[in-house]
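What follows is each chain in one-letter form.
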Amino acid sequence: MTHVPSQQIFLSYSPTDGEAATILRIELEKAGMPVFREESPVRLGDGWLYSLKDRLQSCSVFIMLIGREGVQQWNSVEMQLALARNLLPTDDGQWLPIYSLLLPDADPKKIPPLLSHFQALPWQIDSAVPKMLLTAIRSRTELFSVAKQLDSCPYMGLTTFQRGHAPLFFGRRKETLEIIRYFGTQSQINPDRIRREDDQFCRWIQIEGSSVSGKSSLINAGLMPLIEQGALWPRTGFKTWKILGPMVPSENPLQQLAELLECALIKDPDERDFSRSYKQLLPDDTVLNKRLNAVKDPNVGFVLIVDQFEELFTLSNKNEQRRFDAQLANALLEKDSRFFLMTSIATGFLEGFEHLLYLSEWYNTRCKRYALPSVSQTALRDIIERPARLCGLDVKDIVPDILADAKNEVGVLPLVENALHYLWEHQHDNRLSPTLYQQKGGIAGLLETQADDLLACLEQEIPDSKADALKLLLALTRISPDGRHTRQRIALDEARHIAGRDDVQRGQKIIDFLSGKPDASQGSQKSKGGLRLLTIVGAGESSGNYQMPLYKQQFVDLLYEPLIRARGQDENTGQLVGYWQTLYEYIGNSSQTNNYQHLLMQRAKVWEHSRGFWRWWHLAGWSDLWAYHKLGVSNSESAEGRFIHWSKVALGVKTALQVLVLAFVGQSFYWTQKHNLPVSYMLMQQRFRLIDAGFLPKPFPEMVAIEVDDIAPVIEPNIAFFDDGEPVLQEPKFATPGTEISLAKHFFLSKYEITYQQFDYYVWQQDGKVEYPATAKGGRNQLPVVNVSWYDANAYLTWLSDKTHKHYRLPTEAEWRYSDRAKTTTDYWWGDGIGKNKANCTDCGSAWDGEQSAPVGSFAANSFGLYDTVGNVHEWTCSVWKEQPDGNEYTCAFQSGASRVFLGGSWRNRSIFLLYSSRDWDVPGYTSDNLGFRAARID
């Protein structure tokens, strides 16, 4: 039996609008419409919602009077109860019509989303009640305005509804209200006395449905606006709500959570530190709860919305997945937590919860699972007609056809929205044409026609791009043998390479075109009916108080999953037919690719469960990798990606072992040619590598101690030099009068002149920052290094000091000459004559006379143990050149540009120029093939 409430009007209003409410009550009662009068007001306390509900139950009409303050908290509760009777009546007699009256100072933008779906009428207290309202109350019918409120298209096409689209979101009001009512407690008690630690207190709601059921739109445009309006207060006790998200899990969900926390808790964007927040979450699985509970206002609740939760199973890094799982579980189970969780997931991925160590434990006991039903015919009519009224659009002729087509379709909402968007683009006289609708093949045919037209336009914009676009769409498809393919996101960089055939700019143009960017379509969007096939996710958005962080990585996703799915079987052939046959056939014709995809998944699974030697054994070979390469798998965090990655590593190691010698030879040859080094230096490069690896000792110079503590001063003889037999007395460059040399401290001098091998190892260590010196006549290796300037020599010795932590430099002129004489008073350290084969000069009787330098150590050492101090190559000192000794020979001078002394003579000089007092000089930048150096060390 149908119960009919009494014919009373329930009037909801803010206390500040009390005067207006009194006048309205009087006017309504004059019109013969009694207004419910409270004998005693309902106050917060146990059973308060029951009392309020009973009072509303006795009324047959609900009027919301909205003034300057909008809909307040208490009014919001009354509104929810009224909406429950409007959307969820137990019988026809319980259905409650809802009307809104706007006072002059009311802001229409502040009307709660679900209430905004009901026509609001303006009213001034000094005017009569609108006749339209009185007529609607008497007939208990909805109030519809004929005034046009919207100029743009009221239909979303394939695009997901966002927060700002709430006024256009119809057809899911019933589901929205049901889901909201599941949060918190089901007891009708004072919100201030709610016990949140109760096991029956619900903190986690999960919306489950097919991938095309409209879960994301329901969250964005249905649930989020209600939560922001405080709809959860009566059952949770929190008056103010902050929304974290919605987020779609990426490879790094913990990093996303860290960014959402910063956006929610820190108002000033300049003060947000995403990196710090992320580092806080890593070591401590309770940080999420701690940070939320640290908020000072006790009336604030937080809800994290995770849309497309299945991506946590299919895309996320395993380590981040575990930590993300732990943070959420700990926050949900903490008794004093302010944390609530809303997730949405495609029903085909529910088994993925077994991979979540923490949330899976509470999945069946703490999670309220809501199965999102298909859109009913009544709701579908609302979806078509209510937005049309907002823009004065005539849809009466098209409604029966769309409702008939929708009966046999799954995930019909996006199909209907797309068809309506297309027809709106081609409207005539504010009327949607049923003829055009039938010509295009109905809701499914319109999608296919638009998609084919889009590819044709793309081919005109970018030649030879159709095949690339289909290849990209295939990469966005997770293929199923039964034809129930699902979409999968891929990184934007990967999508660019696939679509552009490694031309990323071309790939980006194709992606822009398919995602509907105006600059890509160049004004042709209307000819395509506004269709978009792709969406780029990962960029930050903001709407009102809601803000998403700007994630570093972006992804490409299919906008609508039926684009890749089978619609049904052909009546004649029995073959599966796709919603978009062009793409469905392309996927089917890629059967070999599909087989490889399936094989890859199986082999990756076997490999993941292998251990030890068998883990190596089960990796793929070259032929398999070539086939898998065509699949475009590049996500190294997936099982398939890791399998391919380690297969490549293994093959790389095998190949490297097989071609190691050839690789070393080829690279070494190139290295020698690049640096103008002899081919024999290919082996020297390997020697340097072994030295770097620690297998060979570093080629540092061997040092000899020169003791001078108790040595008497040494008197240099006066020497007159001769040039071609003639005395040269006026050439200060070559001779100095006899001088006394006396040193106070011992020092060290390198046993040999610095060799090419030693200097070249220094250059090798500089990684290309220093040029190798030119090769001397006779080669490099153990020959004394030449073609080096004074600056080059000092750079080497500075590097040597850094490497050995000892102080190296060039010797002073006094140190060098003292070491050269080695306590003797003869012409040369071995005697007065040059002798034969004692040194290397033009007349020394050696094998290298006048031709080239000799390898270091080719002649006998002096009594100090130093080699080649006479002849072979000149040696730089650190002393500045002066014509007459003035003490400068005892010091190192580093002023720029001053000429420096070099001593010892060389293979180019006659023996007379090898005497102790022979001196030469040049500017520091000077180089020669007979000028090198020796290292000194001072302790």
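Up top is the structure these notes are about.
A short tour of the structure in this document, coming up. In this text, all values refer to a predicted model and were calculated from it rather than measured experimentally.

### Side note on the overall build of the protein chain
The helix and strand inventory of the protein chain stands at 33 helices and 30 strands. Counting the 939 residues in the protein chain, one finds 54% classified as buried. Relative to all contacts within the protein chain whose residues are 6 or more apart in sequence, the contacts with residues 24 or more apart total 73%. With the model as given, the accessible surface of the protein chain reaches about 42700 Å², and the carbon-plus-sulfur share is 51%.

### So, a nonpolar patch on the surface
A cluster of nonpolar side chains, namely Trp616, Trp646, Val649, Val653 and Leu657, defines an oily patch on the protein surface of about 490 Å² accessible area. Per element, the largest residue contribution to the nonpolar patch is 4 residues, and it comes from helix 28 (residues 639-658). Residue class for Trp646 comes out partly exposed when judged on its relative accessible area of 43%.

### Description of the sheet that holds strand 19 (residues 703-706)
Ordered by their spatial adjacency, 4 strands build an open sheet running 19-24-30-25, and the pairing between neighbours is antiparallel. Of all the strands in the sheet, just strand 19 and strand 25 (808-809) have a single pairing partner and so form its edges. As paired elements, strand 24 (residues 747-750) and strand 30 (residues 936-937) share 2 bridges and run antiparallel to each other. By the bridge assignment, Leu749 is partnered in strand 30 with Ala936. Seen against the sheet, helix 33 (residues 813-821) touches strand 19, strand 24 and strand 25 and runs at an angle of roughly 70° to strand 24.

### Some details on the pattern of salt bridges
Applying the stated rule across the entire model yields 27 salt bridges. Its salt-bridge partner being Glu142, residue Arg386 comes within 2.6 Å of it at the nearest N-O pair. One end of the pair, Arg386, is in helix 15 (residues 377-390); the other, Glu142, is in the loop between helix 5 (131-139) and helix 6 (173-182), with 244 residues separating them in the sequence. With a relative accessible area of 6%, Arg386 lands in the buried category. Of the charged contacts, one joins Arg291 and Glu262 as a salt bridge, the two residues approaching to 2.9 Å between their closest N and O atoms. Of this pair, Arg291 sits in helix 11 (residues 287-293) while Glu262 is found in helix 9 (residues 253-265), placing the two residues 29 residues apart along the sequence. Overall, the relative accessible area of 18% leaves Arg291 in the buried class. A relative accessible area of 0% places Glu262 in the buried class. Each of Glu142, Arg173, Asp382 and Arg386 takes part in one network of salt bridges that share partners.

### Digging into empty space enclosed by the protein
One pass over the full model with this rule turns up 3 cavities of 30 Å³ or more. Computed from the structure, the largest cavity encloses a volume of approximately 70 Å³. Glu813, Lys882, Pro885, Glu889 and Arg919 are the residues nearest the centre of the largest cavity, which is lined by 11 residues in total. In terms of residue class, the lining of the largest cavity is made up of 2 nonpolar, 3 polar and 6 charged.

### Some details on the sheet that holds strand 27 (residues 900-903)
Ordered by their spatial adjacency, 4 strands build an open sheet running 28-27-26-29, and the pairing between neighbours is mixed. Where the open sheet ends on each side, the last strands, each with one partner, are strand 28 (919-922) and strand 29 (931-933). Taken pair by pair, the neighbouring strands of this sheet meet at an average axis angle of 45°, ignoring direction. Strand direction decides the pairing type here: strand 26 (residues 874-880) and strand 29, joined by 3 bridges, are parallel. By the bridge assignment, His874 is partnered in strand 29 with Leu931.

### Here we look at the nonpolar core
One finds Ile384, Val395, Ile443, Leu472, Leu514, Leu533 and Leu534 to be the most contacted residues of the largest nonpolar core, which totals 69 residues. In this structure, Ile384 is in contact with Tyr155, Val395, Val399, Ile402, Leu403, Val416 and Leu420, ignoring residues within four places of it in sequence.

### What to know about the state of the cysteines
Across all of its chains, the model carries 2 disulfides by this definition. Put simply, Cys841 and Cys844 are joined by a disulfide, and their sulfur atoms are 1.9 Å apart. Here the disulfide of Cys841 and Cys844 is right-handed, its torsion about the S-S bond being about 105°. Taking the relative accessible area as the measure of exposure, Cys841 reaches 0% and is therefore buried. Classification of Cys844 as buried rests on a relative accessible area of 1%. Sequence-ordered numbering of the bonded cysteines in the protein chain gives a pairing of 1-2, 3-4. In this structure Cys202 is a free cysteine whose sulfur lies 7.2 Å from that of Cys367, the closest cysteine sulfur available.

### Here we look at the pairing of strand 24
A two-sided burial pattern is seen for strand 24, the buried positions comprising Phe747 and Leu749 on one face and Phe748 and Ser750 on the other. Across 4 bridges, strand 19 lies against strand 24 in antiparallel orientation. Following the sheet pairing, Ile706 is matched in strand 24 by Phe747.

### Looking at helix 1 (residues 18-30)
For helix 1, which comprises 13 residues, the first-to-last C-alpha distance of 18 Å matches the rise-based estimate of 18 Å (1.5 Å per residue) to within 8%. Inspection of helix 1 places Gly18, Ala20, Ala21, Leu24, Arg25 and Leu28 among the buried residues, and these make up the whole buried set. Down the axis of helix 1, the smallest arc covering the buried residues is 150°, so these residues share one side. For helix 1, the exposed residues set more than 90 degrees away from the buried face come down to Glu19 and Lys30. Where helix 1 is buried, its residues contact strand 1 (9-12), strand 2 (61-66), strand 3 (98-102) and helix 5. Of the residues trailing helix 1, Gly32 is marked for its positive phi of about 80°.

What counts, and at which threshold
- Residues numbered from 1 in each chain as written.
- Predicted model: local features only at pLDDT ≥ 70, side-chain atom pairs only at ≥ 80, totals over all residues.
- Heavy atoms only, no water.
- Helix = DSSP H or I, 4+ residues; strand = E, 2+ residues; numbered from the N terminus.
- Buried < 20%, exposed > 50% of the residue type's maximum accessible area, 1.4 Å probe, protein only.
- Contact = heavy atoms within 4.5 Å.
- Areas by Shrake-Rupley, 256 points an atom, 1.4 Å probe, with all protein chains shown as cover.
- Patch = residues over 30% accessible without salt bridge, like charges linked within 9 Å, V, L, I, M, F, W, Y side chains within 5 Å.
- Salt bridge = Lys/Arg side-chain N within 4 Å of Asp/Glu carboxyl O.
- Pairing = 2+ DSSP bridges.
- Axes fitted to C-alpha atoms, helices over the stretch in contact; angles between N-to-C directions.
- 1 Å grid on protein atoms, 1.4 Å probe; cavity = no way out; pocket = protein on both sides within 12 Å on 5 of 7 lines; lining within 4 Å.
- Points joined across faces, edges and corners; volume = space filled by probe spheres on them.
- Nonpolar A, V, L, I, M, F, W, Y, C, P; charged D, E, K, R; others polar.
- Core = buried A, V, L, I, M, F, W, Y, C linked by side-chain atoms within 4.5 Å.
- Disulfide = S-S within 2.5 Å.
- Expected span 1.5 Å × (residues − 1).
- Arc of directions from axis to C-beta.

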